[in-house]
Structures are given as C-alpha cells and as structure tokens.
Amino acid sequence: MRDTGDLDELYSASYRRLVVQLFAICGDLADAEDAVQEAFVTAIRKRRQLARVGNPEAWVRTVALNRLRTGWRHALVVRKYQAAVPGPLAEVEVGPEHVAIVTALAQLDADQRQVVVLHHLGDLGTAEISVELGIPQGTVKSRLSRARSRLADLLNEREEPHHV
Amino acid sequence: MSDLDQLRSVGNEVRPPSFDSLVTTARRRTRRTAAGVVAAFITVVMLIGGGMRIAGDIDRSAPGPANRPTSPSQVTTTPKPTTPTYSPGMGAIFELPQEIGPAILRQGRYAVRVTPTLSYEVYTPDQVKAVNGSFLNTRSASGSGWAGIFFVSTASAEGTILPAHPCRDHTGRVVGPTVSDLAGALRRQPLLDVSKPQVINVDGYQGLWVDVRIPIEVDASTCVNDIVRLFSSGQDSWGWVEGFMGRWWILDVDGERVVVNAQCDTDCSKSDWRTLQAMLESVDFIPDE
C-alpha cells in the first residue's frame, strides 16, 4: 500500500462496513461516517506508515474508534453549552428495526459492545479481536458470551408486548 | 445474532463521499502545517528584528533534561523578554518553533517536533506555555500559576538507562529495547510507585500506560544531585522530586520507542488532570513523509 490508489481500493471495499460497525458501537450514523472519513484522511496522510501495517482495515478502524471517543467528549461539551442548537439532519433514514437493535446495543457495557460488534459485524474471530484490542482471548470470549446473553434478553423484552 | 446482521443493510444506504475529496482534505491539512512553520519563522524574525531577545524566561515548573546546563550568568544578564503568542487559527495546525524560549499558545492544535524524523500533533487549551518548542506547561485550574507539564521524549531502544537506585545510586543500567521492557523495568525500580502496565492504543500505535509516582515521603534533597532520577536516553536525563505524578504512555511509533509524559505534582486538582488527559488523548503522531 504505497500510494493513494491502493488506499482508494481499501476505501471502496471497506467504507460501508466500517460505518456500519461504528454505527453499531456509537448509535449515531452521522458520527460513524465522520469518524470513518476522518480515519481515512489520517490514513492518506500516513500512507507510508500504513504500508507497513499487516491489516490496514483494522488500522483504519482503530483510528476511527479513537476519533469517535474524542468526538463524544467534544459532543458532551457542545451539548452542555449549546443544547438549543439543532444539529444537521442525517441524510440516511435508519429504519425502526435498526434503531431497536442499536438501542439494545447501547445498553451493553462499552467493552462488551465493541467485542460483539467486531465479531458479528466485523466478522473477526476471537483471536483476531484479542490482537486488535490488546486483551486476552479468554477475556474476548467472556465478554462475547455476556454480551450475547444480555442482548438476547434486551431484544426479547422488546418483543414481549407482541406475545400478550 | 441474526438481529445484528440486519444492521449490515444500513451500509447499502450510506453514500461515501468521493475518495478524491478526502485526498484534498488530507493535502490541505498538510499544507496548513507547512504554513504554520513559515508564520512562526516570520514571527521570530520580527521579534528579533525589533530588538527583543527571546530567552531565559523558563518557568521554574517547566521541565528540562537534568543535565542541560544553565549558567547563573545567563539568568541574571538576560533582559525580561516579551513572550510571543501563537494561535493556529480555526482548523489549522501550527508547528511550534524549537529552542526559542517560552511562548504562550492560544487554544488550538499544534505540531511539536520530537526528533528530526518524528513529530506529533496535540490539542492544547488556551494560555498554555510552550518552552523551547517541546514542553507544554498548563495553567492551574485554580488560577494560581502553572500546574501540569506535557511532553514527548524518546526512550531509544539501545540506550535507555535506569538508575540502580533513583535516589541513592544513579549508576545506569540499560533496559531492553521494547515497550514492555521499559514498563517492566520501571515497575521493578526501588523507591518509585509504578502502576501495573495497561495496554493502550494511541492513534493506531500499541503501547503501555503506567502511572509513575515519587512518594511524598521521599526527601529528594538527600539524593544524589538533589534529584530522584527517573530515566535517561541519549543526552537527556529525566528526574524530579517528591510529589511527582506522571502518566506515561510508552509507545512504539514506527520502531521508535517514545514516552508521552503528562505530569503534575500531588497538589494538582482533578481539573488539572483532566486538562492533561485531554491533551494526551489528542496526540496524533506524524512520521515524516
């Protein structure tokens, strides 16, 4: 990966799935898109560094997640002082079924949410997640297990009214 | 988890901006950094041309390598300088000039050079003092002067040295080349209180975070050279006195081991630490093209 042409291919191949993964983690599609775009801008500026990375998509995802965390802190300040200022409307309409899933994900611990998203939407195995997050594989498995159990409960609760 | 799979369809609704637009943004940011260098150079030339000298006003709380010489005559004969103020402007990045004494930074993002081949960007709050283009001195949240200190130093793979005893015996021993080697060696140091290393990922770089403290009970005035030595690398040797609290992120940046150091003394408030933590988390390394 030595020039922007290679990065262009990575961008075309991975942009949408990275946005989906970050959307599942942060619950805001506009924030997710901003974070992924910022991560690609960083990747373009650091393409020589990226050339030495074994998994460029994982690198971009990590940068995007860091941007997201920074953005959250900024957003907290902005919301505190500018609560009355409306934000831009999201260009993409998210369906109610997706909102329900993201709402359930938001109720997980942040660590569990990240693991379950990387596994089920990033299609990473527990060993790959272990490497990407720098945590033991056993920790990945236990977080995944707890996240699935909690998610199942939350999504069943959502459906309960239909059974009455 | 078929419910989660449904989210994949959201991706079909997303319209990525053109890749070329991102390339343009990246190039614009790089040009802004370069423009910052030119602006800084012009500022220095104007100040020097106006007969003002920029030197010698280093705050007592500003750190420096322990072996950097400062002769008393330099301190007594240098006239009080007018401290320059830098402001990066909205969305721009200002590259700090090095070795020109203190400068006041307005809120914004700055590029700081660590080595000839490595710089980093950091976001600073308003009224931070930069010393020699390397050390960033934050104001106390209580308004009583300077509080935290932020800087990035190298800890070379071949030549990073820890003292046999931080207070009594500064005889050096070389630590191993990796991030883990340094974190582990620090943790084994006598006298110092060093937390268990935690894995971190900063801007895509893996590393370890340790909190390093010099207990308040230590009396640095009884130590060799009146200082508790922390570590040395190359020409620089870092030390402090009792009450030191350092939040250190030890990272491998493209094969170069660096220590991102945010430090305060025991009387720093939570607000002071929040300022430093925000600076830590805003760091973005820029290896040279």
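Our subject is the structure that appears above.
Visitor: Which parts of the structure should I look at to understand the sheet that holds strand β2 (residues 93–95) of chain B?
Guide: Sheet strands line up and pair through hydrogen bonds in the backbone, either parallel or antiparallel. Residue and element names in this part refer to chain B. Overall, mixed pairing links the 4 strands, which are arranged β2-β4-β5-β18 in an open sheet. Looking at which strands have only one partner, the edges of the open sheet turn out to be β2 and β18 (284–287). Each adjacent strand pair in this sheet contributes to an overall mean axis angle of 30°, direction not counted. Pairing geometry for strand β4 (residues 108–115) and strand β5 (residues 118–124), over 7 bridges, is antiparallel. Paired with A111 across the bridge in β5 is E121.

Visitor: Would you mind going over the side chain of A:E57 with me for this structure?
Guide: Topologically, A:E57 is positioned in helix α4 (residues 56–81). Taking relative accessible area as the criterion, A:E57 reaches 15% and is therefore assigned buried.

Visitor: Would you mind going over the interface of chain B and chain A with me for this structure?
Guide: Interfaces are often sized by the accessible area lost when the parts come together. Taken together, the contacts link 41 residues of chain B with 48 residues of chain A. For the pair chain B and chain A, the summed buried area comes to about 3,800 Å², and 60% of that belongs to carbon and sulfur atoms. Across the chain B-chain A interface, the total number found is 4 salt bridges. The partner of B:E121 in a salt bridge is A:R45, and the shortest N-O contact between them spans 3.4 Å.

Definitions and cut-offs
Residues numbered from 1 in each chain as written. Chains lettered and ligands numbered in written order. Predicted model: local features only at pLDDT ≥ 70, side-chain atom pairs only at ≥ 80, totals over all residues. Heavy atoms only, no water. Pairing = 2+ DSSP bridges. Helix = DSSP H or I, 4+ residues; strand = E, 2+ residues; numbered from the N terminus. Axes fitted to C-alpha atoms, helices over the stretch in contact; angles between N-to-C directions. Buried < 20%, exposed > 50% of the residue type's maximum accessible area, 1.4 Å probe, protein only. Contact = heavy atoms within 4.5 Å. Buried area = accessible area lost by both parts, 1.4 Å probe. Salt bridge = Lys/Arg side-chain N within 4 Å of Asp/Glu carboxyl O.

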